[in-house]
Amino acid sequence: MVVQTALPEKQIQGNPLESHLRMFAMSLMDRGYRKKTIQDKLYLLATLGRWFGRNKLATSQLDESLVSAFVKQKGRVHALDLPTLRQFIDHLRKREVIPHCKVVPERSPLADILRAYEQYLRQERGLVPRTIRDHLFYVRKFLVERFGKEPLVLEEIQAPDISGFILRHCRGLSIGRARWVITALRSFFRFLFQNGSLRSDLAASVLGVAHWQQATVPRYMSSEEVQRVLRACDRRTSIGRRDYAILLLLARLGLRAGEVVALQLDDIDWRSGEILVRGKGLRHDRMPLPDDVGKALASYLRRDRPPCQTRRVFVCMKAPYRGLAACGTLPTIVRCAIERANLHPPSKGAHLLRHSLATAMLRSGATMGEIGEVLRHRNLNTTEIYAKVDFEGLRSLAHPWPVGGAQ
């Protein structure tokens with residue numbers, strides 16, 4: 001009965017796409033769309049179905065080109081028309097009503113070497129998709145600039161080609177982005193050397209970026225400020241309870257943004273009080289679940305998480321229900337919480353809470369090894385940067401400043 005009340009029966013009944021529109025409406029309901037939104041989408045698609053009938057077209061013929069012709073003839077286009085039409089096409093393809101687009105792989109020496117490098121990054125290095133995309137972007141840019149329309153002969157690459165590319169493209173970049181370029185090129189030339197495409201390892205020819213890891217002090221908030229950020233969540237609302245659970249995972253366990261959004265329902269072991277953290281480089285670690293974090297998660301899951309198909313713990317609170325994005329939604333949640341707390345730290349990203357946890361542990365007497373274990377650092381050198389925030393300890397090592405001039 002719920003399905004029927006969401007359907008504009010006068011528009012749907014007898015429509016050439018009737019059965020498909022009913023299935024599409026059910027899928028929208030499963031994903032949490034409101035009744036009014038579903039009806040608006042179906043009115044548009046019913047118009048598409050009548051257009052199909054007038055032109056004696058079969059459903060199996062539906063593709064992007066026919067949608068473009070329909071929109072052009074329709075004339076007046078609403079802002080949501082094109083997204084709805086694309087969504088309907090995707091729905092029919094998933095149900096194998098219409099054929100999938102056949103993506104013809106590019107056949108060229110450049111495409112072949114990039115595909116092989118992408119496979120190496122995914123299977124042997126275990127990098128995440130975003131990192132792979134960044135590596136491929138800079139490597140493609142280098143190869144296109146080096147060879148242009150000439151044949152791709154990797155043995156012709158020389159050290160000046162690499163240094164020239166770096167000097168041209170890194171000049172206007174931040175230190176962090178410039179280091180991405182360096183890392184991508186070094187990784188690519190190591191790959192070419194390992195698979196025998198190059199006789200010498202040109203990774204050594206890739207210039208480094210002048211950056212001293214220990215030159216800065218980690219940005220952090222005090223324990224009192226972190227508590228202010230947590231209290232700023234309005235836990236009377238569904239979104240507030242979700243955000244509170246997210247912030248607790250960042251502040252109490254020091255998780256990275258990507259680790260929070262990757263958390264699955266099956267990763268929480270309520271009986272043993274542990275969670276599975278899906279970390280960088282496909283690394284999985286089990287961590288204890290503090291009592292306050294567990295209560296916040298349980299409250300969100302019982303009261304607020306909408307029914308949906310994804311197994312992600314944290315999902316959008318508006319349809320379509322899907323997992324949050326590490327590079328967009330989650331940093332925004334942290335920034336808004338900090339602003340609600342009326343704090344103005346130099347950085348407002350999710351990593352700020354991770355730094356704050358490490359700093360609080362250090363000032364409570366934790367060793368570098370203990371901090372590194374909580375933050376899951378593979379190398380203790382990564383943890384040593386937090387030694388610089390122990391100002392009292394460093395002050396005891398400093399020599400007194402000479403007073404009265406040299407004798």
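See the structure shown above.
Let me begin by describing the structure that accompanies this report. (Residues numbered from 1 in each chain as written. Predicted model: local features only at pLDDT ≥ 70, side-chain atom pairs only at ≥ 80, totals over all residues. Heavy atoms only, no water.)

### Details of the overall build of the chain
Tallying secondary structure elements over the chain gives 19 helices and 3 strands in all. The burial tally for the chain puts 41% of its 407 residues in the buried class. At a minimum sequence separation of 6, the contacts of the chain that also span at least 24 residues come to 58%. Summing over all exposed atoms, the chain offers an accessible surface of approximately 23,900 Å²; the carbon and sulfur share of this is 53%. (Helix = DSSP H or I, 4+ residues; strand = E, 2+ residues; numbered from the N terminus. Buried < 20%, exposed > 50% of the residue type's maximum accessible area, 1.4 Å probe, protein only. Contact = heavy atoms within 4.5 Å. Areas by Shrake-Rupley, 256 points an atom, 1.4 Å probe, with all protein chains shown as cover.)

### As for helix α3 (residues 18–30)
Over its 13 residues, α3 extends 19 Å from the first C-alpha to the last, a length consistent with the 18 Å expected when each residue adds 1.5 Å. Glycine 32 occupies a position one or two residues after α3 and carries a positive phi of about 90°. (Expected span 1.5 Å × (residues − 1).)

### Considerations on the sheet that holds strand β2 (residues 274–278)
The strand order β1-β2-β3 describes an open sheet built from 3 strands, whose pairing is antiparallel. Unpaired on one side and paired on the other, β1 (268–269) and β3 (284–288) mark the two borders of the sheet. Of the pairings in the sheet, the one linking β1 to β2 comprises 2 bridges and is antiparallel in character. Along β2, the bridge assignment pairs aspartate 269 with glutamate 274. (Pairing = 2+ DSSP bridges.)

### What to know about the nonpolar core
Residues Leu247, Leu249, Leu250, Ile275, Leu297, Phe314 and Leu330 are the most contacted members of the largest nonpolar core, which totals 42 residues. Only α11 (223–231), α12 (238–253), α13 (257–261), β2, α14 (291–303), α15 (329–340) and α16 (351–363) provide two or more residues apiece to this core. When residues in this core are grouped by element, the largest group, 9 residues, is from α12. Each residue touching leucine 250, except ones within four places of it in the same chain, is listed here: Leu255, Arg256, Ala257, Val260, Leu330, Val334, Ala350, Leu353 and Arg354. Core analysis: the second largest hydrophobic core is formed by 33 residues, Ile113, Phe142, Leu143 and Ile162 among them. (Core = buried A, V, L, I, M, F, W, Y, C linked by side-chain atoms within 4.5 Å.)

### Some points on the packing of aromatic side chains
Counting across every chain of the model gives 13 aromatic pairs. Arranged with centres 6.4 Å apart and planes meeting at 35°, the rings of phenylalanine 188 and phenylalanine 191 form a pair that is tilted. Remark: phenylalanine 191 and phenylalanine 188 occur in helix α10 (residues 175–194); sequence separation between them is 3 residues, near one turn of the helix. Across the pair, phenylalanine 191 and phenylalanine 188 agree in class, each one buried. Sitting over the face of the ring of tyrosine 244, arginine 235 holds its NZ or CZ atom 3.9 Å from the ring centroid. (Phe/Tyr/Trp six-rings, centres within 6.5 Å; stacked < 30°, edge-to-face > 60°. Lys NZ or Arg CZ within 6 Å of the ring centre and 35° of its normal.)

### Digging into the layout of surface pockets
By volume, the second largest pocket is sized at about 390 Å³. As for the second largest pocket, its lining consists of 17 residues, and the residues nearest its centre are Tyr33, Thr37, Lys41, Leu80 and Thr84. For the lining of the second largest pocket, the element with the most residues is helix α4 (residues 35–54), which contributes 5 residues. Taken together, the residues of the lining of the second largest pocket sort by class into 7 nonpolar, 5 polar and 5 charged. (1 Å grid on protein atoms, 1.4 Å probe; cavity = no way out; pocket = protein on both sides within 12 Å on 5 of 7 lines; lining within 4 Å. Points joined across faces, edges and corners; volume = space filled by probe spheres on them. Nonpolar A, V, L, I, M, F, W, Y, C, P; charged D, E, K, R; others polar.)

Shape descriptors only; they carry no functional weight alone.
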